[in-house]
Amino acid sequence: MPVTSQLFRGFPRAKLWGSALFPCQRQLPCCPTSHRPTSSQPHPIWPTAMPVRGYRRSPDLHSYNLTPPQVNSILKANEYSFKVPEFDGKNVSSVMGFDSNQLPANAPIEDRRSAATCLQTRGMLLGVFDGHAGCACAQALSERLFYYVAMSLMPHETLCELEAAVEAGRPLSPILQWHKHPNDYFTREAQTMYFNSLRTYWQELIDLSSPGESLGPREALLSAFKRLDSDLSLEAQVGDANSFLHYWVLRVAFSGATACVAHIDGSDLYVANTGDGRAVLGVQEEDGSFSAHTLSNDHNAQNENEVARIQGEHPPSEKKTVVRQDRLLGLLMPFRAFGDVKFKWSIDLQRGVLESGPDQLHDNEHTKFIPPNYHTPPYLTAEPEITHHRLRPQDRFLVLGTDGLWETLHRQEVVRIVGEYLTGVHQRQPLTVGGYHVTLGQMQGLLAERKARASLAFQDQNAATHLIRHAVGNNEFGAVDHETLSKMLSLPEELARMYRDDITIIITQFNPHVVGHQRQGGES
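Residues numbered from 1 in each chain as written. Predicted model: local features only at pLDDT ≥ 70, side-chain atom pairs only at ≥ 80, totals over all residues. Heavy atoms only, no water.

Trainee: Mind showing me how you'd approach the nonpolar core here?
Mentor: Generally speaking, nonpolar side chains in soluble globular proteins are found buried as a group. Judged by nonpolar contacts, the single largest core of 53 residues is most densely connected at Leu-145, Phe-146, Met-151, Leu-176 and Phe-338. With 13 residues, the single largest contributor to this core is helix H3 (residues 136–153). The next biggest cluster of nonpolar side chains, apart from the first, holds 32 residues, and it includes Leu-103, Val-415, Leu-491 and Ala-496. (Core = buried A, V, L, I, M, F, W, Y, C linked by side-chain atoms within 4.5 Å. Buried < 20%, exposed > 50% of the residue type's maximum accessible area, 1.4 Å probe, protein only. Helix = DSSP H or I, 4+ residues; strand = E, 2+ residues; numbered from the N terminus.)

Trainee: Explanation requested: empty space enclosed by the protein in the structure shown.
Mentor: Rolling a probe over the atoms, with the probe sized like a water molecule, indicates the empty space that remains. This structure, assessed with the given rule, holds three cavities of 30 Å³ or more. Roughly 50 Å³ of internal volume is contained in the largest cavity. Going through the elements one at a time, strand S3 (95–103) and strand S4 (111–118) are the ones with two or more residues in the lining of the largest cavity. A per-element tally of the lining of the largest cavity places S4 first, with three residues. Residues belonging to the lining of the largest cavity are distributed by class as follows: four nonpolar, four polar and three charged. A volume near 40 Å³ is recorded for the second largest cavity. If you trace the second largest cavity, you find it lined by Lys-83, Gly-97, Phe-98, Asp-99, Leu-422, Ile-507, Thr-508 and Gln-509. (1 Å grid on protein atoms, 1.4 Å probe; cavity = no way out; pocket = protein on both sides within 12 Å on 5 of 7 lines; lining within 4 Å. Points joined across faces, edges and corners; volume = space filled by probe spheres on them. Nonpolar A, V, L, I, M, F, W, Y, C, P; charged D, E, K, R; others polar.)

Trainee: What is the right way to read helix H6 (residues 217–238) from this model?
Mentor: Along an α-helix, a turn takes 3.6 residues, which lines up residues three or four apart on a common side. An ideal rise of 1.5 Å per residue puts 32 Å on 22 residues; H6 measures up with 31 Å between its terminal C-alpha atoms. Backbone geometry just after H6 places Gly-239 at a positive phi near 75°. (Expected span 1.5 Å × (residues − 1).)

Trainee: Whenever I open this one, helix H8 (residues 304–312) confuses me. Can you help?
Mentor: Among the residues of H8, those classed as buried are Glu-306, Val-307, Arg-309 and Ile-310. For H8, the angular spread of the buried residues around the axis is 160°, confining them to a single face. Opposite the buried face of H8, by more than 90 degrees, sit the exposed residues Glu-304, Asn-305 and Gly-312. In this fold, the buried residues of H8 make contact with strand S13 (327–328). (Arc of directions from axis to C-beta. Contact = heavy atoms within 4.5 Å.)

Trainee: When you look at the sheet that holds strand S10 (residues 278–284) in this model, what are you seeing that I'm missing?
Mentor: The strands making up a sheet associate through backbone hydrogen bonding, with each pair oriented either parallel or antiparallel. Pairing in this open sheet of six strands is antiparallel, and the strands run S2-S3-S17-S16-S10-S11 from one edge to the other. Edge positions in the sheet fall to strand S2 (80–83) and strand S11 (290–294), since each of these pairs with one other strand and no more. Along the sheet, successive strands turn relative to each other by an average axial angle of 20°, direction set aside. Across the sheet, helix H12 (residues 411–423) lies against S10, S11, strand S16 (395–401) and strand S17 (503–510), angled at about 130° from S11, the strand it touches most. (Pairing = 2+ DSSP bridges. Axes fitted to C-alpha atoms, helices over the stretch in contact; angles between N-to-C directions.)

Trainee: Even after reading the chapter, I still don't get the confidence of the model for the protein chain, so can you show me in this structure?
Mentor: Residues shown with low pLDDT carry predicted positions that ought not to be read at fine detail. Looking at the protein chain as a whole, its pLDDT mean stands at 85, while 78% of the residues score no less than 70. Predicted confidence for residues 18–30 stays below pLDDT 50, and this span has 36 contacts to residues more than four positions away or in other chains. In this model residues 47–63 is a low-confidence stretch, pLDDT under 50, and it forms 39 contacts with partners more than four residues away in sequence or in other chains. (pLDDT = per-residue confidence, 0-100.)

Trainee: How should the environment of Arg-324 be read in this particular structure?
Mentor: Relative to the helices and strands, Arg-324 is located in strand S12 (residues 323–324). A sequence separation of 23 residues divides Arg-324 from Ala-301, and the C-alpha atoms of the two residues are 9.2 Å apart. If sequence neighbours within four positions are ignored, Arg-324 has contacts with Gly-330 and Asn-373.

Trainee: Any chance you could explain the pattern of salt bridges here in plain terms?
Mentor: Pairing between side chains of opposite charge can happen when the charged atoms of each approach one another. Overall, the coordinates contain 18 salt bridges when judged by the stated rule. Close ionic contact of Glu-413 with Arg-416 constitutes a salt bridge, the shortest N to O distance being 2.7 Å. Of this pair, Glu-413 and Arg-416 both sit in helix H12, three residues apart, roughly one helical turn. Across the salt bridge formed by Glu-420 and Arg-416, the nearest N and O atoms sit 3.0 Å from each other. One end of the pair, Glu-420, and the other, Arg-416, are both in helix H12, four residues apart, so they sit about a helical turn from each other. Since its relative accessible area comes to 5%, Glu-420 is described here as buried. (Salt bridge = Lys/Arg side-chain N within 4 Å of Asp/Glu carboxyl O.)

Trainee: Explain the packing of aromatic side chains here, please?
Mentor: Pairs of aromatic rings are described using the distance from one ring centre to the other and the angle between the two planes. Going through the model one piece at a time under the given rule, you end up with 12 aromatic pairs. Aromatic pair Phe-225 and Phe-338: ring centres 5.4 Å apart, planes at 50°, arrangement tilted. Taken together, the residues span a long stretch of sequence, with Phe-225 in helix H6 and Phe-338 in strand S14 (residues 338–339) at a distance of 113 residues. The two residues Phe-225 and Phe-338 agree in class, both being buried. Consider the rings of Phe-290 and Phe-397, whose centres lie 5.7 Å apart with planes at 45°: the pair is tilted. A residue pair is termed long-range when its members are at least 10 positions apart, and Phe-290 in strand S11 and Phe-397 in strand S16 qualify at 107 residues. Judged on exposure class, the residue Phe-290 and its partner Phe-397 are both buried. One aromatic cluster is present, formed by Phe-129, Phe-146, Tyr-147, Trp-178 and Phe-186 through successive ring pairs. It is Lys-180 that lies over the ring of Trp-178; its NZ or CZ is 4.4 Å from the centre. (Phe/Tyr/Trp six-rings, centres within 6.5 Å; stacked < 30°, edge-to-face > 60°. Lys NZ or Arg CZ within 6 Å of the ring centre and 35° of its normal.)

Trainee: I tried to follow the pairing of S16 on my own but got confused; where do I start?
Mentor: Each regular strand displays side chains that alternate between the two surfaces of the sheet. When you tally the buried positions in S16, you get six out of seven residues, the bulk of the element. Of the pairings in the sheet, the one linking S16 to S17 comprises five bridges and is antiparallel in character. Its bridge partner being in S17, Phe-397 is matched across the sheet by Gln-509.

Trainee: When you look at the pairing of strand S5 (residues 124–132) in this model, what are you seeing that I'm missing?
Mentor: S5 sits mainly inside the fold: nine of its nine residues count as buried. Across seven bridges, the pairing between S4 and S5 is antiparallel. Within the sheet, the bridge partner assigned to Arg-112 lies in S5 and is Phe-129. Connecting S4 to the antiparallel partner S5 that follows it, the hairpin turn spans five residues, and Gly-123 within it adopts a positive phi of roughly 100°. Here nine bridges tie S5 to strand S8 (residues 256–265), and the two strands are oriented antiparallel to one another. Bridge pairing in S8 places Gly-131 opposite Ala-257.

See the structure below:
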């Protein structure tokens, strides 16, 4: 198959039919003025302001003749790695570290990612967020959701100490230690509003709990997801005297995002998923090969249980309209998401909020659009599906990815690629050509290419980068092909989204020795 044909291996479908409700335009930055944190340093409960850098492609990348260094520069632009510190020369954590990366298709990218260590409780939080109808909602989740989870995990006494410190005007102990790439920023203008909403939440947690009580991880994740989505909705309804901030909260609420979050504490792994992101565990078998163990379910039309759930929540008269053309109300692909208030609010509430909104909204016809057959809202929820898995020594890594990854590679192929990268051992499978007619000379070339690929496989210092290289550059024989990579990465911004989606990946590597010891000791 010619390489040019490989570009047309199936167009990713947009999450939401039509243009973005609040498009992230070039002349208007995706998010308010932002700042970047210092990577892997403990921060106050809310960070301070610094400038931000946005992703931009240079004009020469519109050529189809990218050199290998140019390809590497694009692939590695957003990569980030974190290694858990050792104590006395030993790693006492079940997590050795993680690699993450993003590759944009939208301009600017609508995906976000987050990773942080919980400082007031235990464990590490990692998450990928896939935005649609703009990037605003995904950006808000990347900044706020982990704080809500951290608060939900805190015992009653710690919450009371936190409230007392605020009341007395004392400095607050850091809640999270963020592990962020310089491009992963915070929204400066919204920090006070975000803090006030979070404080109201922890005050309610105090009122609802007693000394000595705290939520377990499952209950904490559920509560955090639902409460943050409720706050996004409430903030948009209340608005703000600052017209820019008022516009921002409406952008967040009317756009949407899915979320796939992992909380790892010792040998306990919890995955909370809302939407069509996915968490897949890489399990090493006795023969050294890797198998995929999926820890999340996609919330879309391919999930029969989700279709039945949505149909069951609405009158029988809506059975044929609530899911049409594999989309919610014929429009939205994920069946669970944050934001997306056009699928949650009543028609009267939508019109009332928009009529009292900033002037920027009045000329936007998309904001006035009501989904068809909109009779009994809400049609959408941000409630996550939560999975618990007790780690075993053979569980070597966890892949969190937005659907841009899974549309391109099968989960078994993903864990094979990552497993071979992390172990340095290649499981040689019989060479297949997928039904193509090849000559003996072509077969010899393919074998030579595979041999060369094995020696070059570790040019990437980041497992997520290595996986993206395969996701974007695999040819029809399953091999990374430079010409394919060059063509896919040099597509103009207005065309790139036709061929693939944004891809965001976090790969977390586990320490089998620590996991085994924790299981034997019965630690949780």
